[in-house]
Structure formats: structure tokens, C-alpha cells
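# Summary of the model geometry
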Amino acid sequence: MPSFNDVAWFEIGTDDPAAAEQFYGEVFGWTVAQDDAASTDTAYRVIDTGGSRGGLFTGRENYAVFTVLVEDVDATCRQVEKAGGWVQRPPSVNPVGVTFAHVLDPAGNHFSVFTPPK
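Criteria and cut-off values
- Residues numbered from 1 in each chain as written.
- Predicted model: local features only at pLDDT ≥ 70, side-chain atom pairs only at ≥ 80, totals over all residues.
- Heavy atoms only, no water.
- Buried < 20%, exposed > 50% of the residue type's maximum accessible area, 1.4 Å probe, protein only.
- Helix = DSSP H or I, 4+ residues; strand = E, 2+ residues; numbered from the N terminus.
- Arc of directions from axis to C-beta.
- Contact = heavy atoms within 4.5 Å.
- Polar contact = N/O pair within 3.5 Å; in protein donor to acceptor, adjacent residues only side chain to side chain.
- Pairing = 2+ DSSP bridges.
- Salt bridge = Lys/Arg side-chain N within 4 Å of Asp/Glu carboxyl O.
- Axes fitted to C-alpha atoms, helices over the stretch in contact; angles between N-to-C directions.

The name given to the protein chain in an unreviewed UniProt entry is Glyoxalase, and the organism recorded there is Amycolatopsis vastitatis.

And the structure:
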């Protein structure tokens, strides 16, 4: 596991998961598979780059975002706001116990923060 305050995950959202899986597989050799330890949501599959892991989320939005491992998501959200950013999606916990939030920096760049299950 990476250290706190390090980029530890990434997520790609897509309205066409088959095309995204084919693209990233052809360009980088990445593979995508369901991993119930990461998420029980069938719309969220895990990308394996061979060196790191991320998520491929099937939805209506197309995006790519990096995720930072933090000690406390709530405290980090407060710090984001204090530093001039915004909380775009407040802290929540997914079914496997990952706490996460989506935030914006002062320029409006989107990223997320998370803590693993306790």
C-alpha cells in the first residue's frame, strides 16, 4: 500500500466500458476484471496496469481522476475547503468499507481522496 498523501488509485469513468477496456488494453496492455474485494458493484471493475491498480466505472460521465490515500477523509475535506477548494461529493463509504470523497482544487481540477476499510 502506498503511503498517506500519495496517489494510490485512479479511476476512469465511461459510458462505453467495452471501448475503454479495449483502448487501454491495446495502448498500455492493461487488463480489467471484476474484483469483489475492491467493489461489489458490477458497474465498477478493477484495472490492473501491471504496476498499479485503478477502477473502471460504467456510468454516464466520461472522466479520469487520480485518488490520494489519506488518514482521514473528513479532515481532508475540511482542509480542502480551508485551502480554497470545494467538496464536490461529500464523504461516503462503499459496500466494501472504503471511505472516499471527490473534491476540487481552487482551479476546479477534480480528484478524490480515500481511506481503506478499517
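## A short note on helix 2 (residues 73–82)
Helical periodicity: at 3.6 residues per turn, an α-helix aligns residues three or four positions apart in one direction. Those residues of helix 2 that sit buried are V73, T76, C77 and V80. In an axial view of helix 2, the angular spread of the buried residues amounts to 105°, which keeps them on one side of the axis. In helix 2, the exposed positions angled more than 90 degrees off the buried face are occupied by R78 and K82. Buried residues along helix 2 sit in contact with strand 6 (86–93), strand 7 (99–104) and strand 8 (110–115). You can read the cap of helix 2 off the contacts: a side-chain oxygen lies 3.0 Å from the backbone nitrogen of D74, and it is on D72. Backbone geometry just downstream of helix 2 places G84 in the positive-phi region, at approximately 100°.

## Some details on the pairing of strand 6
Sheet analysis places strand 6 next to strand 7, joined by 5 bridges and oriented antiparallel. Counterpart to V87 in the pairing with strand 7 is V103. Connecting strand 6 to the antiparallel partner strand 7 that follows it, the hairpin turn spans 5 residues, and G97 within it adopts a positive phi of roughly 95°.

## Considerations on the pattern of salt bridges
Under the criterion given, the structure shown has 2 salt bridges. Between E21 and R45 there is a salt bridge, with the nearest N and O atoms lying 3.1 Å from each other. Of the two residues, E21 sits in helix 1 (residues 17–28) while R45 sits in strand 3 (residues 44–48), which places them 24 residues apart along the sequence. A relative accessible area of 27% places R45 in the partly exposed class.

## A short note on the sheet that holds strand 1 (residues 6–14)
Read across the sheet, 8 strands follow the order 2-3-4-1-5-8-7-6 without closing on themselves; strand pairing throughout is mixed. On the outer flanks of this sheet lie strand 2 (31–33) and strand 6, each paired with one strand and no other. On average, adjacent strands in this sheet sit at an angle of 25° to one another, irrespective of strand direction. Two strands pair when backbone bridges link them, and strand 1 and strand 4 (residues 53–58) are joined in this way by 4 bridges, in the parallel orientation. Looking at the pairing, I12 lines up with L56 of strand 4. Contacts from helix 2 reach strand 6, strand 7 and strand 8, with the element oriented near 10° to strand 7.

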